[in-house]
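# Notes for the structure review
As a plain string of letters, each chain reads:
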Amino acid sequence: MNRSELRHLDMSLLVIFEALMNERNLTRVGEKLFITQSTVSAALSRLRDLFDDPLLIRSGRQMEPTARALHIYEELRPALDTISSAVSRAKAFEPATSTNVFRLGLSDDAEFGLFPQLLATLQQEAPNIVVVVRRANYLLMPALLSTGEISVGVSYTTDLPANAKRRKLRDIGVKVLRGDLRPGPLTLDEYCARPHALVSFSGDLSGNIDLDLACLGRSRRVVLAVPQFGSLRALLRNTEMIATVPDYAACILAEDGSLRADDTPFEVNRAELSMAWGGAYDSDPAETWLREHIRQSMAAPA
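Keep in mind the model is a prediction, meaning the values are calculated, not measured.

## Looking at the overall build of the protein
- Looking only at helices and strands, the protein features 12 helices and 12 strands.
- Structurally, the protein occupies a C-alpha span of about 80 × 45 × 30 Å along its principal axes.
- By the burial criterion, 43% of the 302 residues in the protein qualify as buried.
- Considering only contacts in the protein between residues 6 or more positions apart, those separated by 24 or more positions represent 72%.
- About 15900 Å² of surface is accessible on the protein, with carbon and sulfur atoms providing 52% of the total.
- Averaging the locations of the 34 positively and 38 negatively charged side chains of the protein gives two centres separated by 1 Å.

Quick look at the structure:
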């Protein structure tokens, strides 16, 4: 197909093709793109005619791509990223009048301890924008960025898609939250003897703290795992349970005075809180504005 023939091509078909390759399910593509399943089905039929290939073959509830579909996807994806970036750069971003929808991925600690300040700033400068937050962690972040379900995420991160970019925001310091009335900090023996509550998205009963304790030949007794930080205040109040949490989440949980936040009685190897974003959004003026505010709000205080 030469350049002049491109004028007959419906670009929305390529967007639907990319979503089909990511989701491999007609219903989910319709939900993601806010179109009906019948529209997705009709688009797939047109795509099959365009590329003269079945592209996706049903296998149970999923659809599996053909070899040709995978090859086309690898060629089209960077081209779509380039087109998206070029169009975005051509549009000026004015926060005061913008109605952009921003899609962020946040780990629970970042959402609980750092996001409120960021949101207040965003709403003050850009009162008409919409912010959609998805739960993200180091396990979920790669897929959310890869499929474009989020443009930027904040979490502890490990592996990321090849075209993603990352910037460290801060070291994750920790505090020991406690709701008892006894004075003085906990000793290491007391820390290990107390029952512990753990915030665990996956339901695991151990984390980096346990690795640090193991280096000392010690261990703790986890008796409760919950999926988010917001419930810890009520759960720890007037009990012997303690929880070791990021310092910025501890600050929020202890602000009403029902809990207090102490230093750990041992040295903790700090993880990093990072911001990661898709390469397609790197030069987008609106996304650049958002990332700068994330950096200002969520980086460690100077």
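Back to the text.
## Description of the sheet that holds strand S12 (residues 271–278)
- If you trace the five strands from one edge of the open sheet to the other, you get S4-S3-S5-S12-S6, paired in mixed fashion. In this open sheet, the two edge strands, each paired with only one partner strand, are strand S4 (130–135) and strand S6 (164–172). Between one strand axis and the next, the sheet turns by 20° as a mean value, whatever way the strands run.
- Relative to S12, S6 runs antiparallel, the two sharing eight bridges. Within S12, the residue paired with alanine 164 across the bridge is glycine 278.
- Lying on the sheet, helix H12 (residues 285–298) is in contact with strand S3 (101–106), strand S5 (152–155), S6 and S12; it crosses S3 at an angle near 40°.

## Examining the domain arrangement of the protein
- On domain assignment, one finds that the protein holds domain 1 (5–89), domain 2 (103–172 + 273–298) and domain 3 (174–263).
- Taken together, the contact pairs 12 residues of domain 2 with 13 residues of domain 3.
- Regarding the contact of domain 2 and domain 3, the summed buried area is about 1100 Å², with carbon and sulfur atoms giving 67% of it.
- Of all residues in domain 2, Asp109, Phe112 and Ile172 give up the largest surface area on contact with domain 3, accounting jointly for 47% of the area buried on that side.
- Applying the counting rule to domain 2 against domain 3 returns zero salt bridges.
- Put simply, domain 2 and domain 3 have two residue pairs in polar contact (both at pLDDT 80 or more) between them.
- Secondary structure elements with two or more residues in the side of domain 2 that touches domain 3: helix H5 (108–113) and S6.

## A closer look at the nonpolar core
- Ranked by internal contacts, the top residues of the largest apolar core, which has 25 residues, are Phe102, Leu104, Val154, Trp289, Leu290, Ile294 and Met298.
- Of all elements in the fold, only S3, helix H6 (115–125), S5, S6, S12 and H12 reach the threshold of two or more residues within this core.
- Counting residues per element, this core draws most heavily on H12, at five residues.
- With 23 residues, the next largest nonpolar core counts Ile16, Leu20, Leu47 and Met63 among its residues.

## Looking at the pairing of strand S10 (residues 242–246)
- Counted residue by residue, S10 has five buried out of five residues, so it is predominantly covered.
- In terms of strand pairing, strand S7 (residues 174–178) meets S10 through five bridges, oriented antiparallel. Among the inter-strand pairings, valine 176 is bridged to a residue of S10, identified as threonine 244.

Analysis parameters
- Residues numbered from 1 in each chain as written.
- Predicted model: local features only at pLDDT ≥ 70, side-chain atom pairs only at ≥ 80, totals over all residues.
- Heavy atoms only, no water.
- Helix = DSSP H or I, 4+ residues; strand = E, 2+ residues; numbered from the N terminus.
- Buried < 20%, exposed > 50% of the residue type's maximum accessible area, 1.4 Å probe, protein only.
- Contact = heavy atoms within 4.5 Å.
- Areas by Shrake-Rupley, 256 points an atom, 1.4 Å probe, with all protein chains shown as cover.
- Lys, Arg positive; Asp, Glu negative; His and termini not counted.
- Charge placed at Lys NZ, Arg CZ, Asp CG, Glu CD.
- Pairing = 2+ DSSP bridges.
- Axes fitted to C-alpha atoms, helices over the stretch in contact; angles between N-to-C directions.
- Domains from an automatic or database assignment.
- Buried area = accessible area lost by both parts, 1.4 Å probe.
- Salt bridge = Lys/Arg side-chain N within 4 Å of Asp/Glu carboxyl O.
- Polar contact = N/O pair within 3.5 Å; in protein donor to acceptor, adjacent residues only side chain to side chain.
- Core = buried A, V, L, I, M, F, W, Y, C linked by side-chain atoms within 4.5 Å.

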